[in-house]
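Chains, contacts and geometry: an overview
Each chain, letter by letter, is given below.
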Amino acid sequence: MSVTLTLLALRQLRPNARHVLWPRIDQKSCLKAVSAAGLTPVPIENLLDGDELRTDLDALAAKLSEIGADDVLCVLTTTSCFAPRGVDKLLDVARLCAEQGVPHLCNNAYGVQCDRCMKAIASASRHGRLDCFIQSTDKNFLVPVGGAIVATADGRHGPELLAKVRSTYAGRASISPVLDLFCTLLHLGADGWLRLLERRRASFPDFRRKLEAVAAKHGERVLHTPNNGISMSVTLTPPEGSKPAGSLGVARSSCGADHLLPLVAPPAALSLCQAPPSSCGSCRGCASSRPLPPARRSVASPSSLTARTTRATRARTSLSRAPSASRTATSTSSCAASTRRSPSGRSRRASQRQRRAARTAQRGTGPAPPRTGTSRRISGPTPPPRSLCRPRNPRPA
């Protein structure tokens, strides 16, 4: 949202520009931010330098000349990214933007904790053009999600853009992100914050060595990405017969599986039981071939439904014939009894299952009928309808 707000503010300064040159990063946040601002993203593919992906400066300059500097709103670079992609060449991009007169924004999402990212930002701001850089508070300052910091180190172009960003926000914002950051910084202090940065800097090489040992144990290796001081990447050798499925999973909102493996054994070989289905019921194959027990049937037959309705009608008839005082006393005593003895949900369900099993055993029904959708149909002829109300005996004269 902060990137979108900054792009909208920059659009007021350059109303005729509609394109955003974006060195590609496989993360949809930047792409959604550009689209939400009503702009056209122009991805620039990266170059493979050994194991690492770096910024293609020649392709960026060619695309800038093709579109035209007046029609380019800005160049949106990235510092904090996932390996094997490295930090963008901020200094070279900043010099190109200064020559062409094009604004330069930087997505520094969680780069505040990395001294390499901050040095690149400082160098680009001093020797080129870097209008502003944006970072998240939760990724850098140990606070909940919901805040961001838009900052600048460029005294020539940054102050005007920051003033426009402040005036672009519509309405009143919540003070929660500012209050969380303020409390956290007061708790840590300058010394505590610097100690955390030093601990992270010292732990990163040790973590890499241990990860390399684990990867070598499984025949893999950690990719060499010297320009990425935040994340690491490990190779994954696909098994024989598998098909890459990473893009298919992402298109279907799944980010877990990277490869599809064929079924090694046929379905018939998955059952280890050799006994006939009628003599065994413990394995999965036998359990799927036998019918459900009568006690697990959840739908009663029409005759049982009629019997239940008849009993309920009798109860209502006898209650209606009773005097009003007795009805009041009966209802009061039943309410008191239910208040004194209120069974738990588990015991109530158990008693219901026992009663259902007893009724099913009395009917002597066979196996459960097959499922059709979410309901079960009861096969066989439909019994003739029975009267739900018993005829009253004529009163003696």
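Values in this document were obtained by computation on a predicted structure and should not be read as measured data.

A few words now on a nonpolar patch on the surface. Taken together, Ile175, Val178, Leu179, Phe182 and Leu186 make up a surface patch of nonpolar side chains, about 550 Å² in accessible area. For Ile175, the location among the structural elements is in the loop between helix H6 (158-168) and helix H7 (176-217).

A few words now on helix H3 (residues 57-67). Its side-chain oxygen at 3.4 Å from the backbone nitrogen of Asp58, Asp56 defines the N-terminal cap of H3. Two residues or fewer past H3, Gly68 is found with a positive phi of approximately 105°.

Within the fold, Leu47 resides in strand S3 (residues 47-49). Looking at Leu47, the relative accessible area reads 44%, which means it is partly exposed. A sequence separation of 12 residues divides Leu47 from Ala59, and the C-alpha atoms of the two residues are 9.7 Å apart. Non-local contacts of Leu47, meaning those with residues more than four positions away in its chain, are made with Glu52, Leu53, Arg54 and Asp56.

Moving on, we come to the confidence of the model for the protein. Keep in mind that low pLDDT regions are not for reading the predicted coordinates in detail. Of the residues in the protein, 65% have a pLDDT of 70 or more, and the chain-wide mean is 77. Contacts from residues 263-275, a stretch scored under 50 in pLDDT, to residues over four places away or in other chains number seven contacts.

Cut-offs and rules
Residues numbered from 1 in each chain as written. Predicted model: local features only at pLDDT ≥ 70, side-chain atom pairs only at ≥ 80, totals over all residues. Heavy atoms only, no water. Patch = residues over 30% accessible without salt bridge, like charges linked within 9 Å, V, L, I, M, F, W, Y side chains within 5 Å. Areas by Shrake-Rupley, 256 points an atom, 1.4 Å probe, with all protein chains shown as cover. Salt bridge = Lys/Arg side-chain N within 4 Å of Asp/Glu carboxyl O. Helix = DSSP H or I, 4+ residues; strand = E, 2+ residues; numbered from the N terminus. Polar contact = N/O pair within 3.5 Å; in protein donor to acceptor, adjacent residues only side chain to side chain. Buried < 20%, exposed > 50% of the residue type's maximum accessible area, 1.4 Å probe, protein only. Contact = heavy atoms within 4.5 Å. pLDDT = per-residue confidence, 0-100.

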